[in-house]
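# Notes for the structure review
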Number of protein chains: 2
Amino acid sequence: MNGTTRIFQDYLKANRLKLTSQRKLILDIFISGSQLLTAEELFRQVSGIDPGISLSTVYRTFKHLQQAGLARCVHYGDGTTRYEPSDGQKSYLVCEKCGKKIPIINPYLECLQQESARQEGFRMFRSRTTIYGLCHECLKEHMPCQPQDATQH
Amino acid sequence: MNGTTRIFQDYLKANRLKLTSQRKLILDIFISGSQLLTAEELFRQVSGIDPGISLSTVYRTFKHLQQAGLARCVHYGDGTTRYEPSDGQKSYLVCEKCGKKIPIINPYLECLQQESARQEGFRMFRSRTTIYGLCHECLKEHMPCQPQDATQH
DNA sequence: CTTAATGCAAATGATTTGCAAATTA
DNA sequence: TAATTTGCAAATCATTTGCATTAAG
């Protein structure tokens, strides 16, 4: 059992949800696929294996995958919406004075990066964001002047 | 008349489209607003001034604004779609295959970065975002096999 | 057994479109 | 005057939901 599957199972357990055969199948196809799928497309693939599964279930399962942080949906300009596994995005705050490095977690940030990549026809694998500035402590010592904007753009 | 308005007028002229009072009003409200609006929201604002304007016209005008490169629509996880003026910051998309480097523009990204920094007591001076992936062209060549996961995680 | 999940069909809600009337160049 | 745009209402289309039934823990 791979990591993703474990995460999903943990999520289900934590929320008193059940691991049905449908959910298992949808998850498997979702993570094993090499390209981004539309709900319909994934539904068709899933149907090839278990013809009984409904489109509603695909949609419902996707919601859980999203909540578990395993999937995100990406909207395209052509009107389609595709679901993709979420991948490793790392963001850091770096203090220019003391060099402190603080990892930040901001799903919205990740979402927007995805969105930006998508808008350029890009398929994003991972991203690095480094935010340079002054940390709280160094800020106190520095406050008198305002080192702003000079470095921007 | 500001730059945006001029661009829009040029776009209209270039495409033999007409500058109607509705389009003018929608453009004005769109560019003057301080926040991202839903089609509905913008429609409501516009209606406050010219109650005759229809929602269809708002949608149709948006398409033109997008084509003119003045607006882009951003889909949110909450299901709303908001239209935002395209201007502002630069981060980069980097294609891992061909090395292409594309500057991306997403004011929201910057906004969120500011926000993240603030939450940690950080004062943000500048940021560098690099999004790694495959560009549209390389994506096509790669599709047959699955370039996935290797770089993932 | 108890609770949650499923499939189906019907409902929703955002966006689009056909068309006759109105407006722009 | 010719061509485009508008508003309206109806049509789409992806996604969601209600409900009776089935399956998981």
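All values derive from a computational prediction rather than experimental measurement.

Residues and elements named next belong to chain A. Per the counting criterion, the structure on display carries four salt bridges over all chains. Across the salt bridge formed by D10 and R6, the nearest N and O atoms sit 3.7 Å from each other. Of this pair, D10 and R6 are both found in helix α1 (residues 3-14), four residues apart, which corresponds to roughly one turn of the helix. Residue classification places R6 among the partly exposed positions, given a relative accessible area of 44%.

Let's shift gears to the protein's contact with DNA strand D. Lining the immediate environment of DNA strand D, one finds 19 residues, of which Y59 of chain A together with K18, R23, T57 and R60 of chain B sit closest. Each atom of DNA strand D within 4 Å of the protein was assigned to sugar, phosphate or base; sugar and phosphate come to 69%. Taking K18 of chain A, its side chain carries an N or O atom lying 3.1 Å from a base nitrogen of DNA strand D. Counting only elements with at least two residues in the surface near DNA strand D, the list comes to α4 (55-67) of chain A together with α2 (21-32) and α4 (55-67) of chain B. Per element, the largest residue contribution to the surface near DNA strand D is four residues, and it comes from α4 of chain A. Split into classes, the residues belonging to the surface near DNA strand D amount to five nonpolar, eight polar and six charged.

Residues and elements named next belong to chain A. Here helix α2 (residues 21-32) crosses helix α3 (residues 39-49) at 120°, and the two axes come no closer than 10 Å. In terms of their interaxial angle, α2 and α3 are classed as oblique. In this structure, α2 crosses over α3, and the sense of that crossing is right-handed. On α3, the residues touching L25, I26, I29 and F30 of α2 are L42, Q45, V46 and I49. By residue class, the composition of the contact of α2 with α3 is seven nonpolar, one polar and no charged.

When the UniProt feature table is mapped to this numbering, "binding site: Fe cation" (unreviewed entry) covers E110 of chain A. Tracing the backbone through its elements, the reader meets E110 of chain A in helix α5 (residues 107-119).

The next point concerns the protein's contact with DNA strand C. In the vicinity of DNA strand C lie 19 residues, with K18, G52 and T57 of chain A together with K18 and Y59 of chain B positioned nearest. In this structure, K18 of chain A approaches DNA strand C through a side-chain N or O atom, which is 2.2 Å from a base oxygen. R60 of chain A has a polar side-chain atom sitting 2.8 Å from a base nitrogen of DNA strand C. When contributions to the surface near DNA strand C are tallied by element, the ones reaching two or more residues are α2 and α4 of chain A together with α4 of chain B. With four residues, the top contributor of residues to the surface near DNA strand C is α4 of chain B. Classifying every residue of the surface near DNA strand C by side-chain character gives four nonpolar, eight polar and seven charged.

This brings us to the environment of T5 of chain A. Residue and element names in this part refer to chain A. In this structure, T5 sits in helix α1. Since its relative accessible area comes to 12%, T5 is described here as buried. Note: C-alpha distance between T5 and I31 (26 residues apart in sequence) is 8.9 Å. Residues within four places of T5 in sequence aside, it is in contact with L27 and I31.

The rules behind these values
- Every chain's residues receive numbers from 1 upward, in the order its sequence appears when written.
- Whichever chain is written first is A, and whichever ligand is written first is 1; the rest continue in order.
- Two thresholds apply to this predicted model, a pLDDT of at least 70 for residue-level local features and 80 or more for giving and counting side-chain atom pairs, whereas whole-chain, interface and lining totals are computed over all residues.
- To get the side-chain values, all heavy atoms of the structure are used, and hydrogens and water are removed first.
- When a carboxyl oxygen of Asp or Glu lies within 4 Å of a side-chain nitrogen of Lys or Arg, that pair is called a salt bridge.
- Each helix is a run of H or I in the DSSP string that is no shorter than four residues. Each strand is a run of E no shorter than two, and both are numbered from the N terminus.
- Each residue is assigned to one of three classes by its accessible area relative to the maximum for its type, calculated with a 1.4 Å probe on protein chains only: buried under 20%, partly exposed between the two thresholds, exposed over 50%.
- It suffices for a single heavy atom of a residue to lie within 4 Å of a molecule or strand for the residue to be listed as near it.
- Two N or O atoms form a polar contact when they lie within 3.5 Å of each other; inside protein one atom must be a possible hydrogen donor and the other a possible acceptor, and for residues adjacent in sequence the pair counts only when both atoms belong to side chains.
- Throughout, the ten residues Ala, Val, Leu, Ile, Met, Phe, Trp, Tyr, Cys and Pro are labelled nonpolar, Asp, Glu, Lys and Arg are labelled charged, and all others, Gly among them, are labelled polar.
- Only the stretch in contact is used when a helix axis is fitted, and all axes are lines through C-alpha atoms; the angle between N-to-C directions ranges over 0 to 180 degrees.
- Relative orientations are named as follows: roughly parallel for angles under 35 degrees, roughly antiparallel for angles over 145 degrees, roughly perpendicular for angles from 65 to 115 degrees, and oblique for any other angle.
- Take the far helix as your reference; a near helix turned counterclockwise from it by less than a right angle gives a left-handed crossing, and one turned clockwise gives a right-handed crossing.
- The contact criterion used is simple: two residues touch if any of their non-hydrogen atoms lie within 4.5 Å.
- UniProt positions are given in the numbering used here, feature names are shortened, and annotations may be inferred rather than shown by experiment.

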